[in-house]
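Notes for the structure review
The chain contents come next:
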Amino acid sequence: MRERPHDGPLPAARPVPGARPPHPDGDRVPGPPGPGRAPLTRRQYAYGVTVALLVLVLLVVGILR
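Residues numbered from 1 in each chain as written. Predicted model: local features only at pLDDT ≥ 70, side-chain atom pairs only at ≥ 80, totals over all residues. Heavy atoms only, no water.

Our focus in this paragraph is the overall build of the protein chain. Scanning the protein chain from terminus to terminus reveals one helix and zero strands. Out of the 65 residues belonging to the protein chain, those deemed buried represent 0%. By element, 63% of the accessible surface of the protein chain is carried by carbon and sulfur atoms, the whole surface being about 7,400 Å². (Helix = DSSP H or I, 4+ residues; strand = E, 2+ residues; numbered from the N terminus. Buried < 20%, exposed > 50% of the residue type's maximum accessible area, 1.4 Å probe, protein only. Areas by Shrake-Rupley, 256 points an atom, 1.4 Å probe, with all protein chains shown as cover.)

See below:
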């Protein structure tokens with residue numbers, strides 16, 4: 001495949017009539033916001049408290065030994 005010689009800088013981009021404006025480099029394309037985070041259920045809250053108490057008990061037992 002033959003490569004074409006370098007002719008110089010590329011032409012500047014021009015906005016398309018009726019289209020959205022271009023985004024600068026590094027910006028995210030806007031979209032609809034995602035759904036919010038669901039609140040914790042009672043079961044999840046109970047599991048969290050149980051694990052925290054278990055870790056606390058094991059820590060105290062480990063320190064006192």
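The next point concerns helix H1 (residues 42-64). Taking 1.5 Å per residue as the helical rise, H1 with its 23 residues ought to reach 33 Å, and the 33 Å between its terminal C-alpha atoms agrees with that figure. Of all the 23 residues making up H1, zero are buried; the element is thus mostly uncovered. (Expected span 1.5 Å × (residues − 1).)

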